[in-house]
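If you want the building blocks of each chain, they are given just below.
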Amino acid sequence: MKNNPFKLIPASHLILIKDDKILLIRRFNTGYQDGNYSVVAGLVDGNETFVQAVVREAKEEVGIDLNIQDLEVVHIIHRKDSGEEWIDAFILANKWKYEPENMEPQKCDDLGWFEVEALPKNIVQYVKQAIENIKKGIFYSEYGW
């Protein structure tokens, strides 16, 4: 059997929708896609599921509490970006506790609710692709190949 050094990086992304608007944050001072909008997201830590990661990231980034039973994986992207391969899980929260606020001003310089049908032009493109696919009921896509 061949030893395969292949590495796939897991990341979780939170989809919060209220009144046909989606919560987006603008990346700032991160070194990746700064100045562009994205959803709350982060790497899955070791010994943690995609759902557990999104619960943690939601608390860290926007100060909201999520319950695992209120979450649904709605899209997966297999992505190639900057020479690395990623698996991105997009997870919809059907309800949450507290109003989202910017808990990481050193990494985010704007947070707001945007019309799902009128996303900002400066949005991370694979995130836009995921949102478009979620609206169409498409569960899996690929990006950057």
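Structural data are supplied above this passage.
What you see is a predicted model, and the numbers here were worked out from it, not measured in a lab. (Residues numbered from 1 in each chain as written. Predicted model: local features only at pLDDT ≥ 70, side-chain atom pairs only at ≥ 80, totals over all residues. Heavy atoms only, no water.)

Notes on the side chain of Asp88
By the element assignment, Asp88 lies in strand β7 (residues 84–93). A polar contact is formed between the side chain of Asp88 and the side chain of Arg79, at a distance of 2.6 Å. Those residues in contact with Asp88, other than ones at most four positions away along the chain, are Ala11, His13, His75, Ile76, Ile77, Arg79 and Tyr126. (Helix = DSSP H or I, 4+ residues; strand = E, 2+ residues; numbered from the N terminus. Polar contact = N/O pair within 3.5 Å; in protein donor to acceptor, adjacent residues only side chain to side chain. Contact = heavy atoms within 4.5 Å.)

Focus on the environment of Val54
By secondary structure assignment, the location of Val54 is in helix α1 (residues 50–62). Taking C-alpha positions, Val54 is 7.4 Å from Gly42, a pair spaced twelve residues apart along the chain. What Val54 contacts, discounting residues up to four positions off in sequence, is Ser12, His13, Leu14, Leu66, Leu71 and Ile91.

Some thoughts on α1
Here α1 is 13 residues long and its end C-alpha atoms lie 18 Å apart, about the 18 Å a rise of 1.5 Å per residue gives. Looking only at α1, the buried set comprises Ala53, Val54, Glu57, Ala58, Glu61 and Val62. On an axial view of α1, the arc spanned by its buried residues comes to 135 degrees, and they lie on one face. Directly after α1, the chain includes Gly63, whose backbone phi takes a positive value near 70 degrees. (Expected span 1.5 Å × (residues − 1). Buried < 20%, exposed > 50% of the residue type's maximum accessible area, 1.4 Å probe, protein only. Arc of directions from axis to C-beta.)

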